[in-house]
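What follows is the residue order along each chain.
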Amino acid sequence: MDKTDVWQGTLALMVLKTLETMGPLHGYGLARRIEQTSGNQLTVLYGTLYPILLKLEQEGHILGKWGQSDNNRKAKYYSLTRSGRKHLASETKRWEQRTAIMGRFLSPSEEA
Amino acid sequence: MSTIRALLSRLAGVFNQAAKDRELQEEIDSNLQLHIEDCLRSGMTPEEARRHALVKLGGLVSVRESCRDRRSIPWLESGIRDLRHSLRMLRRSPGFTLIALLLLALGIGANTAIFTLLDRLMLRPLPVKDPDQLVMIWTTGPHLGSNQGSRSSSYPMYQDFEEGAEAFSYVFCRHFTPLSVSWEGQAERVMGELVSGNYFSALGLGAAVGRVFSSEEDDRVYKGHPAVVLSHQYWVARFAADPAVVGKEILVNSYPMVVVGVSAAGFTGVDPARSPQIRVPIQMKPLMTPGSDNLGNRRNQWIQIFARLKPGFTRESALGSLEALLSQTLEREITEPALRDIPRSLRERFLARKVRMESAASGYSHLQGTSQRTMFATLMAMVGLVLLIACFNVASLLIARAAARQKEVAVRLAIGASRGQLTRQLLIESMVLSLTGAGLGLVLSAGLLWALLGFLPTNGMLLTVSPLPDWRIFAFTVGLALLTGLIFGLAPAWQSVRVDLSSALKSEGAITGGAGSARLRRGLVTAQVAFSFLLLAGAGLFVKTLRNLEQTDPGFHDIEHLVTFQIDPARNGYSKPRVKNFCSLLQDNIKSLPYVKSVGYAWIPVLTGREADWDMVIEGRARSERDDTQVWINCVSPDYWETMGLGLIDGRDFDRRDYGDHFRVAIVNRECARDFFGNRNPVGLHIGFDTDPGATPDIEIVGVVENALNEGPREGVRRQVFLPFSQSSFPYAASFYVRTSAPPGPMYSALRGKVRELDNALPVYEMKTLRSQLAETLGAERLTATLSTAFGGLATLIAAVGLYGVLALVITRRTREIGLRIALGARRTTILSMVLTDAFGMLGLGLGFGVPCAYLLTRYVSTLLFGVTPIDAWTAAIAAAILAAATILAGVLPARRAGAIDPMQALRHD
């Protein structure tokens, strides 16, 4: 399968989920982690990540803070806030509903 | 929630873009380094690592851009940039900015001031529950009795409406009357309001402390409710907001009454102009107006009726139900003894009386009569025109500026600004000007209002109109400013972005604008002249009206040396005989003062707009003989005529013999004698009044006196009948008149002293000369005349400046041509007349529009005029002459400059 670009809404959800499982991460780390999680089927130009991080931060779902990386480099780390957790839960539910509906449309009907 | 949060953070982002940009750059850099280190670790060369990292990052510029847009609100940000640019441009030409701001501040400030007056007096809804449901009810047509105040009804009429009208959830009534309040030994005169028991429930208002009136507790027993509700303001001012005053006893007109509560803060009453200090149940009327008990009298109109419509009823449907009620009431009234014998035609007119209803959402005051409304509407229109003239002038200035800025605009267009962006920026500049002007205007208007309020007639009460702006006034001013900015900004902005790029960029030096902009400016000046003419012509009519009113012969002699003051002994507990004795004694005591020539007193003060009118019956004549038997009444003392300077034509003056409880003698004025008795001498004939039903005409006419004004010059000379104060059955208040031979000013304290000698606790009020009384009565007329003159003058000044600007511009543009003409031998006077001809051309065109407009519009103010017709050739001629003089003044300077052009220089000048 070709490496697929990710569209923005989905990317935001991936960011939130990744932060939930991994804890605080910087932008580059987030991009790498998302690629890994997708089994390298996705490619994330992490430039596209910044506007999304900014939006999530403005909405209060994540919080950015400057800190030190493992190899002693200054980097901005993002962590999930409480409202971010709630938002993630509700967005996950919506995503599941949507895929379930699409699934019913696209899979061959069993009753037929 | 999170959307709002994001919006707020973006709004904040508008202001710290640079810092945020830097932070983003740091974040990107640090992430890039992290990536490069990873790549190095996986074995790439530094070069490869760096390239790989940059590729994975994506386009750096577009990342920055989209972050920047995301971080703030792009349109707001560019708006702020335009704003900054505008401020810079305005600062750079302080002369223009100052003049424009001055014009706008004057125009907008004057508009705000007049609007504030209009809004506070008649537009703003009352601060009560559902004001839209409130209506005022009154009747028109012959009332065949006495009437006090505008839109008044009798109390029994109110009761009929209250009981019978199904369209209303409440019908309530009120009446203003001065009262004397005494608390801890200190007496003072306050304004009181007598109200029906349901007054507060009808308005949906509660008490701040204690309770307010209710129908059950305060409107059942005649004279049986000695209760007082204080207004919040009075409670704070007089009782220091002490809640303990509730339950205490105070003396009202020397009668003990209990303070039951304080009405809600902020509520002043249904009269937006004047508010009472205390309220008393209407059943207490006989005690509040000693000597006058008219609660049960159908022939006395004195209360104002208001009502609250039931949901589901409109004013039209409610009016229908009232009409049926009124005709029942009238049918009943006509059978009463007083009306039994009236002439048939009068009877028909009486039965055809109409009930009228109007929304009272904004309440009703004495300043809401038809003529006052016309006055305010006229002033608003005039002040609007002044602002329009100011607008046109600023527009004209902007066009000149646009011409000077053509190069800047051309450069900005050339380097890629769109015309839309430029227009927006120029409009923002206009808005900055108009909003700043409005801010200054708001300050100006508060000052102007202080002055204006002093002009308004108060009818003996303090006006309670605040000159301070609130959010309504603020919104009006801002709205007006935006509209103004658009009016004067749009055309110049549109003009200036229409530049021809190549020619504008090529040309050198100052540019004076194209032919199009000159034509536009000429049009604007012509309009200014036309509007100025309208304002001047209007001002002329109002000034002439005021002069006519002031110069009307009052009949009274030398009113500068006639001092008047009022006392109200009955309200301080005096019995009827004591009032009469007191007044008579006071008259004698004042007469003993030095410089006092004579003293008299009357029941109703003259030239104050107040009046009492009754229907007269004449001995030996059938009532059906004539329709109109209305005469104007006053009760006067002996020596009143001598004091007022009116001669007796026939018969005798009242004297000490005329004493008692019933009127036995009368003096009529010349007009009354002429109208009722023609050539016959009325002395010795007997008359009577309809207010005494069934009484035989037993009042003997003992004298005829010269004519004089009664309410004021506008009402003119009335048919008057004078009765002796000493025979009155209602001698409650008296207006004294003192003729002095010395300047009146120093007399005042001596007169007060004489009253104090007799009774230290009796308040003396309204002390002034009759001349200043007349001036006060003409307050509204003086306000109109003064303001319209000021508006006219201001408009003319602005228009002259505009004219000057255009002429100067034309000269600058035609310098070469004029130089050539002079070189070819044209005389300087020819040049001079050329410029003046141009100026007079614009004047003529302006008048060409202005005169017909004035002709069409002045008729709408005819009700405000006195002794002058709306179309007055002289007034128009003077207005035109003033404008011509202004034109010459505006034209002379540029004309002289044109004449002084040196042909050598002009021809070299490119």
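Predicted, not measured: the structure shown is a model, and the values here were computed from it.

Student: So what exactly am I meant to see when it comes to the confidence of the model for chain B here?
Tutor: Parts of the model with low pLDDT should not have their predicted coordinates read in detail. Averaged over every residue, the pLDDT of chain B is 86; residues scoring 70 or more account for 96%. The ipTM for the predicted assembly is 0.83, set against a pTM of 0.76.

Student: Explain the nonpolar core here, please?
Tutor: One recurring pattern in soluble globular proteins is that nonpolar side chains are buried together. All names here are of chain B. L121, L456, F556, M644, L770 and F791 are the most contacted members of the largest nonpolar core, which has 115 residues in total. Of all the elements, helix α14 (residues 370-404) adds the most residues to this core, at 16 residues. The residues contacting L770, other than those within four sequence positions of it, are F556, I559, L562, T564, V606, L607, M644 and Y737. With 52 residues, the next largest nonpolar core counts I137, Y155, F161 and V190 among its residues.

Student: Sorry if this is basic, but what is going on with the packing of helix α6 (residues 94-123) of chain B against α14(B) here?
Tutor: Residue and element names in this part refer to chain B. Close contact between α6 and α14 brings their axes to 9 Å; oriented N to C, the two are set at 160 degrees. Accordingly, the angle class assigned to the pair α6 and α14 is roughly antiparallel. Our pair here, α6 against α14, has a crossing hand that is left-handed. The class makeup of the residues in the contact of α6 with α14 is 22 nonpolar, four polar and two charged.

Student: What am I meant to see in the packing of aromatic side chains here?
Tutor: Within a pair of aromatic rings, the relevant descriptors are the distance that separates the centres and the angle that separates the planes. Residues and elements named next belong to chain B. What the rule picks out here adds up to 19 aromatic pairs over all chains. Between Y199 and F200, the ring centres sit 5.2 Å apart and the planes meet at 85 degrees, which makes this aromatic pair edge-to-face. Cluster of aromatic residues (ring-pair linked, three or more members): F172, Y199, F200, F213, F267 and F306. Above the ring of W302, the side-chain terminus of K285 is found at 4.4 Å from the ring centroid.

Student: Explanation requested: the sheet that holds strand β3 (residues 74-80) of chain A in the structure shown.
Tutor: Pairing between sheet strands relies on hydrogen bonds along the backbone, with the strands arranged either parallel or antiparallel. All names here are of chain A. If you trace the three strands from one edge of the open sheet to the other, you get β1-β3-β2, paired in antiparallel fashion. Edge positions in the sheet fall to β1 (25-26) and β2 (62-68), since each has one partner strand and no second. As paired strands, β2 and β3 are joined by seven bridges and run antiparallel to one another. Counted as the bridge partner of Q68 is K74 from β3.

Student: Where do I start with the pattern of salt bridges in this structure?
Tutor: Between side chains of opposite charge, a pair can form when the charged atoms approach closely. All names here are of chain B. Per the stated rule, a full pass over the model turns up 49 salt bridges over all chains. Between D160 and R332 there is a salt bridge; the shortest N-O distance is 3.4 Å. Of this pair, D160 sits in helix α7 (residues 155-164) while R332 sits in helix α12 (residues 315-334), placing them 172 residues apart in sequence. Taking relative accessible area as the criterion, R332 reaches 44% and is therefore assigned partly exposed. With its nearest N and O atoms 3.7 Å apart, the salt bridge here joins R211 to E217. Residues participating in the shared-partner salt-bridge network are D119, R120, R124, D470 and R472.

Student: Which parts of the structure should I look at to understand helix α20 (residues 576-591) of chain B?
Tutor: For an α-helix, 3.6 residues make a turn, and residues three or four places apart therefore share a direction. All names here are of chain B. Helix length check: α20, at 16 residues, gives a terminal C-alpha distance of 23 Å against a target of 22 Å (1.5 Å per residue), a fit within 8%. For α20, the full list of buried residues reads V579, K580, F582, C583, S584, L586, Q587, N589 and I590. The secondary structure elements touched by the buried residues of α20 are β13 (562-567), β14 (596-602), β22 (734-740) and α23 (747-758).

Student: Looking at this structure, how should I read the interface of chain B and chain A?
Tutor: Interfaces are often described in size by the accessible area the parts lose on coming together. Each partner contributes to the interface: chain B provides 29 residues, whereas chain A provides 27 residues. Regarding the contact of chain B and chain A, the summed buried area is about 2,400 Å², with carbon and sulfur atoms giving 53% of it. Joining chain B to chain A, the criterion identifies two salt bridges. Inspection of the region where chain B meets chain A yields six residue pairs in polar contact (both at pLDDT 80 or more). Secondary-structure elements contributing two or more residues to the side of chain B that touches chain A are α1 (2-13), α2 (17-41), α3 (46-57) and α4 (60-71) of chain B.

Student: What am I meant to see in a nonpolar patch on the surface here?
Tutor: Taken together, the side chains of Y855(B), L856(B), L857(B), Y860(B) and I871(B) make up a nonpolar region of the molecular surface, amounting to roughly 550 Å² of accessible area. Among the secondary structure elements, L857(B) is positioned in helix α27 (residues 828-857).

Student: How should I be thinking about the side chain of K76(A) in this particular structure?
Tutor: Checked against the element boundaries, K76(A) lands in strand β3. A polar atom in the side chain of K76(A) sits 3.1 Å from the side chain of E23(B). Aside from chain neighbours lying at most four places away, what touches K76(A) is L25(A), H26(A), G27(A), E57(A), G64(A), K65(A), W66(A), E23(B), E27(B) and S30(B).

Criteria and thresholds
Residues numbered from 1 in each chain as written. Chains lettered and ligands numbered in written order. Predicted model: local features only at pLDDT ≥ 70, side-chain atom pairs only at ≥ 80, totals over all residues. Heavy atoms only, no water. pLDDT = per-residue confidence, 0-100. Core = buried A, V, L, I, M, F, W, Y, C linked by side-chain atoms within 4.5 Å. Buried < 20%, exposed > 50% of the residue type's maximum accessible area, 1.4 Å probe, protein only. Helix = DSSP H or I, 4+ residues; strand = E, 2+ residues; numbered from the N terminus. Contact = heavy atoms within 4.5 Å. Axes fitted to C-alpha atoms, helices over the stretch in contact; angles between N-to-C directions. Parallel < 35°, antiparallel > 145°, perpendicular 65-115°, else oblique. Left-handed = near helix turned anticlockwise from the far one by under 90°. Nonpolar A, V, L, I, M, F, W, Y, C, P; charged D, E, K, R; others polar. Phe/Tyr/Trp six-rings, centres within 6.5 Å; stacked < 30°, edge-to-face > 60°. Lys NZ or Arg CZ within 6 Å of the ring centre and 35° of its normal. Pairing = 2+ DSSP bridges. Salt bridge = Lys/Arg side-chain N within 4 Å of Asp/Glu carboxyl O. Expected span 1.5 Å × (residues − 1). Buried area = accessible area lost by both parts, 1.4 Å probe. Polar contact = N/O pair within 3.5 Å; in protein donor to acceptor, adjacent residues only side chain to side chain. Patch = residues over 30% accessible without salt bridge, like charges linked within 9 Å, V, L, I, M, F, W, Y side chains within 5 Å. Areas by Shrake-Rupley, 256 points an atom, 1.4 Å probe, with all protein chains shown as cover.

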